[in-house]
Structure formats: C-alpha cells, structure tokens
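Each chain, written out:
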Amino acid sequence: MRINDIDYRTVWLEGDVVYMIDQNRLPFEFSVFRAANYKEICYAIKTMIIRGAGAIGAAAGFAMAQAYLQSTGKNITFIDNARKDIERTRPTARNLFYATERVYRAGRKSREAAVIEAQQVADEDARDSRNIGKHGNELIKDGFTIQTHCNAGWLAFVDYGTALSPIYHAHKQGKKLFVYADETRPRGQGARLTAWELKNAGIPFKIIPDTAGAYLMSQGMVDMVIVGADRIAANGDVANKIGTLEKAIIADHYNVPFYVAAPTSTFDKDCKSGKDIIIEERSEEEVLWQSGMHKDGSIMDVLVSAPGSSAFNPAVDSTPSSLVTAIITEKGIIKP
C-alpha cells in the first residue's frame, strides 16, 4: 500500500532487523516498529503491534530466521526454545505455525537458507493475497454493498489482504462499491484499521456498530459479507475474530452470501473441525478500557466500563462450514 507517496509492506526484513507497521498507533499515528531480535517480534505479536493471519505468519517466519542469526554455532537448544517462544505468542493463527515450521526446517541447512525461506514466506503471502483479490473480484457486481468484520486488509497481511483484496481489485476496475465496516469490539480493528485502509484507497464506506449488522441485512442493505480467517479446519469450519459467527448466522437467516477469504496456508488439515481450534482468551483490559484521541490531539486510554467490573474476552470464534457460502483462495473459489 502507498502511504505518503511511499510503497510499504506491513512487515519486512532489512539485514537482520525486521520492521513492521505499528498497528497499535493507527489510525492516529503512522509509525514503524523496529525489531532487532526474535523476542522483540514475539512482543510485537503478543501486544498486537502486528496482527492479522498473514502478517503474523510473515513476522513469525522472520523471527525464526532471526533466531538462527542470533544463535552461536549449531545451538539447537536455543533454536528450539526460540521456536516455542514464537509459537506461544498467538495460538489460533495457523499461518504463524506454518511459517515457523518452514523457516525452522530451512535453517537446519544454514542460516542463509532460513533468511531466504522467511523472505519467500512473505513474498508468497503478498502474491496469494493479490490472487485472492482477482478471484474474489469475480463475485462483486457493480453497485454492490459489502459488509466486513475485523480487518483482513493490507495491514493483516504482507500486502493486499484477503477480505479487502477483492474490494481493492473491484475498485481499480471502476466498479462502484460501498462498504460497511463493523467496528469490531473490543480492539476496534474495523473502526481503526479497515476504515483507515478504505479511506486511503478512496473507497466509500461507513463504520457501523457491531450490533447493526442484523438490521442492515434485514433491510436488504447488504449484498454480500466477506471476512478473513485465522484458521480453517479440514471440514471447512472457520476460526476468525470474535463476532464472525454472529454475522454468519445473520447472513444465513437473511440469505446474504457469506464469503471467507484466506490463502491455503490458513488451512489446517490436521485440525478436524472447529471444535479442535484453540480459542485464545485475551486480557480483560481490552474490554474494560479503550484507547483513542482526545480533542487536543493526545492519545489516551480511558475506562469505559463500570469501575471494578471484570470481563471475559475470547479473541476468536468458530463458524461452522454450513454457514459459509464459499472460501476465496489464491487458487480459486471453493465450497467449504
């Protein structure tokens, strides 16, 4: 994506240092986070400086390569411990494990091989996202209104994205589109990141409360829903940001096509169904507190819940394949 007349990827490697767009500072401030070693990438993944299946996968691949570069001699214990640290950062994202495994195996040959493999993982992610856009564009008609949930755009992958990639392709072809972006509580990825991307791309949109989806679909105001995925089980069940299941149920009730956009690296053939997908539970602070920009331009955290309250914060849910119209992959559009 082009920002301030400069082409950026979400995450990239220069020498032995990894750089990534700091998504916690968006949309109020555009800055780049510098990770000099694999532990700093682990921190970035855990704290959601970098987020989204493909971006997490690429970052994890670079982290594994950094571990090889940091190791002395053939210190396999250091490498194995680094791999465990990386894989503990986000348990649901299939791309993380896919990338770590690839780079780990390559690094057994040489450090150089690890770096080359990590770069290849990132390049493939960008290429696959671009192809997802080409295939998904075939589903979008001129004049369509599309609803999204969370952020599965450029920021969630190395480039292009998944759920937003077909929208970007359709827009470039001159199709008139309108997007409703769910705000996506509690982190607000839709309101903060998807909205920022769409504004950058010049695509008309409105942010809607997460609870407004049913009303819009009941009024015939949505032609299709496109979401991303953190992991897809062998039976086609889809794990994605919490609230995705809700949208799928509503879309099914009102006969609105519900599409999942994801590269094949997100498919986990060893995971039989959604029941086997680990549901990450994140800190209750994300629910109880919100960050935003004050009128004076300062960014601050504010308590938005009754003082003394506790919260339950599952990060993802699992949508049964029966509610998914089709999955848009880099290889084409398939039935779940």
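Scroll up to find the structure.
The rules behind the values
Residues numbered from 1 in each chain as written. Predicted model: local features only at pLDDT ≥ 70, side-chain atom pairs only at ≥ 80, totals over all residues. Heavy atoms only, no water. Pairing = 2+ DSSP bridges. Helix = DSSP H or I, 4+ residues; strand = E, 2+ residues; numbered from the N terminus. Axes fitted to C-alpha atoms, helices over the stretch in contact; angles between N-to-C directions. Salt bridge = Lys/Arg side-chain N within 4 Å of Asp/Glu carboxyl O. Buried < 20%, exposed > 50% of the residue type's maximum accessible area, 1.4 Å probe, protein only. 1 Å grid on protein atoms, 1.4 Å probe; cavity = no way out; pocket = protein on both sides within 12 Å on 5 of 7 lines; lining within 4 Å. Points joined across faces, edges and corners; volume = space filled by probe spheres on them. Nonpolar A, V, L, I, M, F, W, Y, C, P; charged D, E, K, R; others polar. Phe/Tyr/Trp six-rings, centres within 6.5 Å; stacked < 30°, edge-to-face > 60°. Parallel < 35°, antiparallel > 145°, perpendicular 65-115°, else oblique. Left-handed = near helix turned anticlockwise from the far one by under 90°. Contact = heavy atoms within 4.5 Å.

### Quick word on the sheet that holds strand β4 (residues 17-21)
Right, on to step 1. Taken in spatial order, the 3 strands make up an open sheet running β3-β4-β5, and their pairing is antiparallel. What marks the edges here is a single partner per strand, and that holds for β3 (11-14) and β5 (32-35). For this sheet the average axis-to-axis angle between neighbouring strands, irrespective of direction, equals 25 degrees.
Right, on to step 2. Here 4 bridges tie β3 to β4, and the two strands are oriented antiparallel to one another.

### With respect to the pattern of salt bridges
Opposite charge on two side chains permits them to pair, given that their charged atoms come into close proximity.
Right, on to step 1. Counting across every chain of the model gives 18 salt bridges.
Right, on to step 2. For the salt bridge of Lys 247 with Asp 182, the shortest nitrogen-to-oxygen distance reads 3.7 Å. In this pair, Lys 247 is assigned in helix α9 (residues 244-253) and Asp 182 in strand β7 (residues 178-182), connecting sequence segments 65 residues apart. An identical accessibility class is assigned to Lys 247 and Asp 182; each is buried.
Right, on to step 3. Note that Asp 268 is salt-bridged to Arg 231, the shortest N-O span being 2.5 Å. Pair noted here: Asp 268 is in strand β13 (residues 267-268) and Arg 231 is in strand β10 (residues 231-233), with a separation of 37 residues, a long-range link.
Right, on to step 4. Classification of Asp 268 by relative accessible area gives buried; the value is 8%.
Right, on to step 5. Linked by salt bridges that have partners in common, Arg 90, Arg 187, Glu 280, Arg 282 and Glu 286 make up one network.

### Focus: the sheet that holds β13
Right, on to step 1. Read from one edge of the open sheet, 4 strands run β13-β10-β11-β16, paired in mixed fashion. A strand with exactly one partner marks an edge of an open sheet, and here the two such strands are β13 and β16 (316-319).

### Details of empty space enclosed by the protein
Right, on to step 1. Throughout the structure, instances matching the rule amount to 1 cavity of 30 Å³ or more.
Right, on to step 2. Quantified by volume, the largest cavity comes out at close to 280 Å³.
Right, on to step 3. In terms of lining, the largest cavity is formed by 25 residues, of which the most central are Gly 52, Ala 53, Cys 150, Asn 151 and Asp 230.
Right, on to step 4. For the lining of the largest cavity, the per-class residue count stands at 12 nonpolar, 8 polar and 5 charged.

### Some remarks on the packing of aromatic side chains
Here the distance between the centres and the angle between the planes together describe a pair of aromatic rings.
Right, on to step 1. The tally for this structure, following the rule as stated, stands at 8 aromatic pairs.
Right, on to step 2. Where Tyr 8 meets Trp 12, the ring centres are 6.1 Å apart and the plane angle is 55 degrees; that geometry is what we call tilted.
Right, on to step 3. Here Tyr 8 falls in the buried class, since its relative accessible area comes to 18%.
Right, on to step 4. A centroid spacing of 6.4 Å and a plane angle of 35 degrees characterise the contact between Phe 33 and Tyr 43, whose relative ring orientation is tilted. Of this pair, Phe 33 sits in strand β5 while Tyr 43 sits in helix α1 (residues 38-46); the two residues are 10 residues apart in sequence, bridging distant segments of the chain.
Right, on to step 5. On the basis of relative accessible area, Phe 33 is assigned to the buried category, the value being 17%.
Right, on to step 6. In this structure an aromatic cluster arises from ring pairing among Tyr 8, Trp 12, Tyr 19, Phe 30, Trp 154 and Trp 196.

### Some details on the layout of surface pockets
Right, on to step 1. Of the volumes computed, that of the largest pocket is approximately 530 Å³.
Right, on to step 2. In this structure, the largest pocket is lined by 21 residues; those nearest its centre are Pro 186, Arg 187, Trp 289, Gln 290 and Ser 291.
Right, on to step 3. Of all elements in the fold, only α7 (189-201), α10 (285-288) and β14 (289-293) reach the threshold of two or more residues within the lining of the largest pocket.
Right, on to step 4. Of the residues belonging to the lining of the largest pocket, the class tally is 5 nonpolar, 7 polar and 9 charged.

### With respect to the packing of α1 against helix α3 (residues 76-87)
Right, on to step 1. For the pair α1 and α3, the least separation of the axes is 10 Å and the interaxial angle reads 15 degrees. Classified by the interaxial angle, the pair formed by α1 and α3 is roughly parallel. With respect to the hand of their crossing, α1 and α3 are arranged in left-handed fashion. In this structure, α1 uses Tyr 38, Lys 39 and Cys 42 to contact α3, whose residues at the interface are Phe 78, Ala 82, Asp 85 and Ile 86.
Right, on to step 2. Looking at the contact of α1 with α3 residue by residue, the class counts come to 5 nonpolar, no polar and 2 charged.

As far as function goes, none of this settles anything; it's purely spatial.
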